[in-house]
Amino acid sequence: MIELQDIPELHDPVMILAFEGWNDAGEAATATILHLAQEWEADTVAAVDPEDYYDFQVTRPFVLGRPGERRIDWRTTRILIASPEELDRDVVLVHGIEPSFRWRTFADEIVGMAQALGVRTVIAVGALLADVPHSRPIPVTATSDDERTVHRHDLEAATYEGPTGIVGVLAEAARLEGMSSISLWAGIPHYAGHVPSPKATFAIVRALESLLDVELPHADLEVDGQAWELGVNEAAETDDDIREYVAQLEHATDTAELPEASGEAIAKEFERYLRRRPEGPGRS
């Protein structure tokens, strides 16, 4: 179980979580958590026991440190708490790795910890590979399964049916415990999804700004996103097929009222993306 010790009472905390692997195309979702943790100087307050949920042949530990001070770092899911000045509430950040097994127990543990901290809203962040152009704004869709949450935050009702990742499991677990549960998904150009995408991370941060009704720290995300776009431009120019394909995506985006940016279109891309992935939990 997650042990929470010496943590002061939090003020109307919101939980934001993201997981490496299947739910994290272009590392955009977990980079959002790391960005906020750094900018808000968040403190790590707890960690999940990795022995219970991870296959170490898949999620291998790291050896760290100088000679004579070397140690094993067991990669796992960590919980951080921040009290940002710009928000009139505390934030619980969860940065993790999709579990290899015991998903329901894992979800119960995370949601139980959220309840103990007084969390009433959970925002699950993910990123998927989609047929969208890198040269246009990265689409981010915000959905919820709860009708009251949909109306309160002017979200889209979740309609996706099919395989899901740990963020989907956690979103439902939070909703079943009476919390407002929101899912944010960014669409990453599938031809550029093999490298980190700061442009997508920036888009997710902007979406969080809208949900939380506050301006969040951007640091170098916008500049890094522009550099990423230039890098993808250069790579696309060396491949005639990709260059032609990008032009087709740009034309579709510019002439059809941004269909790729709609929640329905991203949901369809999500379905195609999931069908292309290997079956079974814990794949990354």
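Residues numbered from 1 in each chain as written. Predicted model: local features only at pLDDT ≥ 70, side-chain atom pairs only at ≥ 80, totals over all residues. Heavy atoms only, no water.

J.: Could you give an account of the pairing of strand S10 (residues 180-189), with specific residues and numbers?
T.: Along S10, 10 of the 10 residues are buried, which leaves the element largely enclosed by surrounding structure. Taking every second residue as pointing to the same face, both faces of S10 are buried, with Ser180, Ile182, Leu184, Ala186 and Ile188 on one and Ser181, Ser183, Trp185, Gly187 and Pro189 on the other. Bridging between strand S7 (residues 121-130) and S10 involves 10 bridges; their strand directions are parallel. Bridge assignment links Ile123 to a residue of S10, and that residue is Ile182. Pairing analysis gives 4 bridges linking strand S8 (residues 140-144) to S10, with the strands arranged antiparallel. Paired with Val140 across the strands is Ala186, a residue of S10. (Buried < 20%, exposed > 50% of the residue type's maximum accessible area, 1.4 Å probe, protein only. Helix = DSSP H or I, 4+ residues; strand = E, 2+ residues; numbered from the N terminus. Pairing = 2+ DSSP bridges.)

J.: Any details on unusual backbone geometry? Residues and values, ideally.
T.: Here Asp12, not a glycine, exhibits a phi torsion of approximately 40°, which is positive. Residue Arg102 is not a glycine yet carries a positive backbone phi of 55°. Here Arg102 shows up in the loop between strand S6 (91-97) and helix H2 (103-117).

J.: With reference to specific residues and values, describe the sheet that holds S8.
T.: Ordered in space as S2-S5-S6-S1-S7-S10-S8-S9, the 8 strands form an open sheet in which the pairing is mixed. With partners counted over all chains shown, the strands left at the sheet margins are strand S2 (43-47) and strand S9 (156-157), one partner each. Where H2 meets the sheet, it contacts strand S1 (14-20), strand S5 (78-82) and S6, and its direction lies at approximately 155° from that of S1. (Contact = heavy atoms within 4.5 Å. Axes fitted to C-alpha atoms, helices over the stretch in contact; angles between N-to-C directions.)

J.: Requested: an account of the pairing of S7, with residues and values cited.
T.: Summarising burial for S7: 10 of the 10 residues are buried, a large majority. Residues Thr121, Ile123, Val125, Ala127 and Leu129 line one face of S7 and the alternating positions Val122, Ala124, Gly126, Leu128 and Ala130 line the opposite face, and both faces are buried. For S1 and S7, the ladder comprises 4 bridges, and the chain directions are parallel. Bridge pairing in S7 places Met15 opposite Val122.

J.: Any chance you could break down the confidence of the model for the chain for me, citing the residues and the numbers?
T.: Per-residue pLDDT for the chain has a mean of 89; in total, 89% of the residues score no lower than 70. Within the chain, helix H1 (residues 28-39) carries the highest mean pLDDT (98), whereas helix H8 (residues 263-276) carries the lowest (62). In this model, residues 280-284 is a region of pLDDT below 50 whose contacts with residues beyond four sequence positions or in other chains number 14 contacts. (pLDDT = per-residue confidence, 0-100.)

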